[in-house]
Amino acid sequence: MAGTHRSVFFKMNNVIQDYAWGSKTSIESLFGIANHDAKPQAELWMGAHANGCSEIEVQGKVVKLSDFIATDPDAIIGAQTQQQFGELPYLFKVLAAEKALSIQVHPNKQQAEVGFAKEEQMGIARNAANRNYKDPNHKPELVFALTPYQAMNGFRQIEDIAAQYNALEITAISELVAAFNANQTEVGLRDFFTSMLSLEGEQKASAVNALLAYSEAHKDLPLFALLLDLAEQYPGDIGLFAPLMLNVLTLQPGEAMFLSACTPHAYIKGTGLEIMANSDNVLRAGLTPKYMDVPELVANTYFTPMAFDSLLLAPTQAENGLHYAIPVPDFKFSVYKQVDNISLTVNSAEIVFAINTPVTLTHSNGDSVVIEKGQSVFIPAYTEQYQITCVGTFARAYN
């Protein structure tokens, strides 16, 4: 099995998830991927995740990417990756949101390991509605906007949050707001966040109705126009208060953002590339009909405000590409524009995705492949080096 006889480029056949919040038109219009059933095309998954594994062709036979990796993991994903992670450590996606996703927090690695072990010991089925930890892994994420991409990420400055809630003058939560005003600290924010998410019954309904009345009166302001839009999607949901606590921003095409563990965030609308660690651990904080475990959520949340001007992730430019500094070892992400037969060195398994024009890849063993926009190719670690040409833009996922 010398290097010259092993194929190095594997076109991927990727699963499209039809989650209800997904756009029915964006992936089709951007990439020409037909949507014959007119179902939501929410996420296109590129990787070896059990819930949506890509397929490739190996020696004329269609196989799951995970099965191919299992034939020789040290060579295919790299010995170091196999030793550290035991699998392809990232999942690469196109995400196309027409409606808002739930407000979420992902645990850090240590929290995930403890929580997973605890729920395993308690005997909670992994597919149970009240299961918080599906695996013992963290889930840091990077999103790269392909269209204007609206999101929430991290807490606003504490004094800003207090000002937003004071302006509402909502009787049903006046005691909670007064307590927060008297303790404008991270502890005070934690207690206020917990109290708001714990509202029930008439108090919750009254608070949400008052919020909507205020929003209607101030709908010329983008923040309250957004609240009214979210209220149509998630009527009566306590998560409608979240934009007053969290930073709201719109990434422009080509801008990127990192979403750290323990940080509340939500994707509101838009299409982007997303790369994340292989995990399904989600603790929800609103804009969802699904299970919310408020004590567990709070225990896994950092209540440190994030400066608005720190939210975008600026890339460094080197070796013909834009490279995004990721503070975890699970994945790396780079974007390349208008390159002509440049050489890229391979140290791990890679996925190359064509964003807006065809991409041509060649190798010294004679292998070559062309992928069209919206298509991807899997490149094993044993490839070592390849050449790539593209008159447009492509993205590269690796670790």
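Residues numbered from 1 in each chain as written. Predicted model: local features only at pLDDT ≥ 70, side-chain atom pairs only at ≥ 80, totals over all residues. Heavy atoms only, no water.

As annotated in an unreviewed UniProt entry, the protein carries the name mannose-6-phosphate isomerase and is attributed to Photobacterium angustum. Listed in UniProt under the heading Sequence similarities (unreviewed entry), the comment for the protein reads: "Belongs to the mannose-6-phosphate isomerase type 1 family." (UniProt positions renumbered as here; feature names shortened; annotations may be inferred.)

Q: Before we move on, can you summarise the overall build of the protein with the specific residues and values?
A: Broken down by element type, the protein carries 10 helices and 21 strands. By the compact-globule yardstick of 21 Å for 399 residues, the protein fits well, its C-alpha radius of gyration being 22 Å. Taken along its principal axes, the extent of the C-alpha atoms in the protein is 75 × 50 × 40 Å. By residue count, 55% of the 399 residues in the protein fall in the buried class. Contacts in the protein between residues at least 24 apart in sequence constitute 76% of all its contacts with a sequence separation of at least 6. The centroid of the 25 positive side-chain charges in the protein is displaced by 5 Å from the centroid of its 42 negative side-chain charges. (Helix = DSSP H or I, 4+ residues; strand = E, 2+ residues; numbered from the N terminus. Rg over C-alpha atoms; globule rule 2.2 N^0.38 Å. Buried < 20%, exposed > 50% of the residue type's maximum accessible area, 1.4 Å probe, protein only. Contact = heavy atoms within 4.5 Å. Lys, Arg positive; Asp, Glu negative; His and termini not counted. Charge placed at Lys NZ, Arg CZ, Asp CG, Glu CD.)

Q: Give a description of the environment of glycine 188 that names residues and reports values.
A: Topologically, glycine 188 is positioned in helix α7 (residues 186-197). C-alpha of glycine 188 to C-alpha of leucine 199: the two residues are 11 residues apart in sequence and 17 Å apart in space. Setting aside residues up to four positions removed in sequence, glycine 188 forms contacts with Phe180 and Asn183.

Q: Describe the UniProt feature "domain: Mannose-6-phosphate isomerase cupin" (unreviewed entry) in the protein, with residues and values.
A: Mapped onto this structure's residue numbering, the UniProt feature "domain: Mannose-6-phosphate isomerase cupin" (unreviewed entry) falls at residues 323-399. In residues 323-399, helix accounts for 0% and strand for 61%; the two terminal C-alpha atoms are 12 Å from one another.

Q: Residue-level account of the packing of helix α5 (residues 158-168) against α7, with values.
A: At a minimum axis separation of 11 Å, α5 and α7 run at an interaxial angle of 40 degrees. Regarding the angle of α5 to α7, the classification is oblique. Here the hand of the crossing between α5 and α7 comes out left-handed. From α5, Ile158, Ile161 and Tyr165 reach across to α7, where they touch Glu186, Leu189, Phe192 and Met196. Its residues assigned to classes, the contact of α5 with α7 shows 6 nonpolar, no polar and 1 charged. (Axes fitted to C-alpha atoms, helices over the stretch in contact; angles between N-to-C directions. Parallel < 35°, antiparallel > 145°, perpendicular 65-115°, else oblique. Left-handed = near helix turned anticlockwise from the far one by under 90°. Nonpolar A, V, L, I, M, F, W, Y, C, P; charged D, E, K, R; others polar.)

Q: Can you explain the packing of aromatic side chains? Please cite residues and give values.
A: What the rule picks out here adds up to 19 aromatic pairs. Ring centres of phenylalanine 144 and phenylalanine 333 lie 5.7 Å apart, and the angle between their planes is 55 degrees; this geometry places the pair in the tilted category. A residue pair is termed long-range when its members are at least 10 positions apart, and phenylalanine 144 in strand β8 (residues 141-145) and phenylalanine 333 in strand β16 (residues 332-345) qualify at 189 residues. Phenylalanine 333 matches phenylalanine 144 in its accessibility class, with the two residues each being buried. Consider the rings of phenylalanine 180 and phenylalanine 192, whose centres lie 4.8 Å apart with planes at 5 degrees: the pair is stacked. Residue phenylalanine 180 is located in helix α6 (residues 174-181), and its partner phenylalanine 192 is located in helix α7; the two are separated by 12 residues in the primary sequence. This pair shows no difference in class: phenylalanine 180 is buried, exactly as phenylalanine 192 is. (Phe/Tyr/Trp six-rings, centres within 6.5 Å; stacked < 30°, edge-to-face > 60°.)

Q: Would you mind going over empty space enclosed by the protein in detail, with residue names and values included?
A: Taken as a whole and assessed by the stated rule, the structure comprises 1 cavity of 30 Å³ or more. Looking at the largest cavity, its volume works out to about 110 Å³. Around the largest cavity, the lining residues are Ile103, Tyr165, Phe193, Met196, Leu197, Ile238, Gly239, Phe241, Ala242, Met245, Leu246 and Ala285. No other element matches α7, which puts 3 residues into the lining of the largest cavity. Residue composition of the lining of the largest cavity, by class: 11 nonpolar, 1 polar and no charged. (1 Å grid on protein atoms, 1.4 Å probe; cavity = no way out; pocket = protein on both sides within 12 Å on 5 of 7 lines; lining within 4 Å. Points joined across faces, edges and corners; volume = space filled by probe spheres on them.)

Q: Tell me what's going on with the packing of α5 against α6, and back it up with residues and numbers.
A: Packing of α5 against α6 brings their axes to within 10 Å, and their N-to-C directions diverge by 150 degrees. As the angle between them shows, α5 and α6 are arranged roughly antiparallel. The chirality of how α5 crosses α6 is left-handed. Here α5 contributes Ile158, Ile161, Ala162, Tyr165 and Asn166 to the contact with α6, which in turn contributes Val177, Phe180 and Asn181. Residue classes in the contact of α5 with α6 are distributed as 6 nonpolar, 2 polar and no charged.

Q: Help me get a handle on the side chain of histidine 49, residues and values and all.
A: Assignment of secondary structure puts histidine 49 in the loop between β3 (43-46) and β4 (55-58). Take histidine 49: its relative accessible area is 11%, and that puts it in the buried class. Side-chain polar atoms of histidine 49 contact the backbone nitrogen of asparagine 51, separated by 3.0 Å. When residues no more than four places from it in sequence are discounted, the contact partners of histidine 49 are Leu91, Asn278 and Asp280. (Polar contact = N/O pair within 3.5 Å; in protein donor to acceptor, adjacent residues only side chain to side chain.)

Q: Account for the UniProt feature "domain: Phosphomannose isomerase type I catalytic" (unreviewed entry) in the protein, with residues named and values stated.
A: Sites flagged by UniProt as "domain: Phosphomannose isomerase type I catalytic" (unreviewed entry) map to residues 10-157. What you have in residues 10-157 is 26% helix and 26% strand, and the ends, taken at the C-alpha atoms, are 47 Å apart.

Q: Can you tell me about the pairing of β8, naming the residues and giving the values?
A: Every other side chain in a regular strand lies on the same face of the sheet, so the side chains alternate between the two faces. Within β8, 5 of the 5 residues are buried, which leaves the element mostly enclosed by the surrounding structure. Burial along β8 is two-sided: Glu141, Val143 and Ala145 facing one way and Leu142 and Phe144 facing the other are all buried. In this structure, β8 lies alongside strand β11 (residues 256-259), joined through 4 bridges in antiparallel fashion. Residue pairing across strands places valine 143 opposite methionine 257, the latter belonging to β11. Taken together, the 5 bridges between β8 and strand β12 (residues 265-277) define a ladder with antiparallel strand orientation. Bridge assignment links leucine 142 to a residue of β12, and that residue is isoleucine 275. (Pairing = 2+ DSSP bridges.)

Q: Describe in detail helix α3 (residues 73-84), supporting the description with residues and values.
A: If you check α3, its first and last C-alpha atoms are just 12 Å apart, much less than what 12 residues at 1.5 Å a residue would give, namely 16 Å. The complete set of buried residues in α3 reads Ala75, Ile76, Ile77, Gly78 and Thr81. Those residues of α3 that are buried lie in contact with α2 (65-71) and β20 (376-379). (Expected span 1.5 Å × (residues − 1).)

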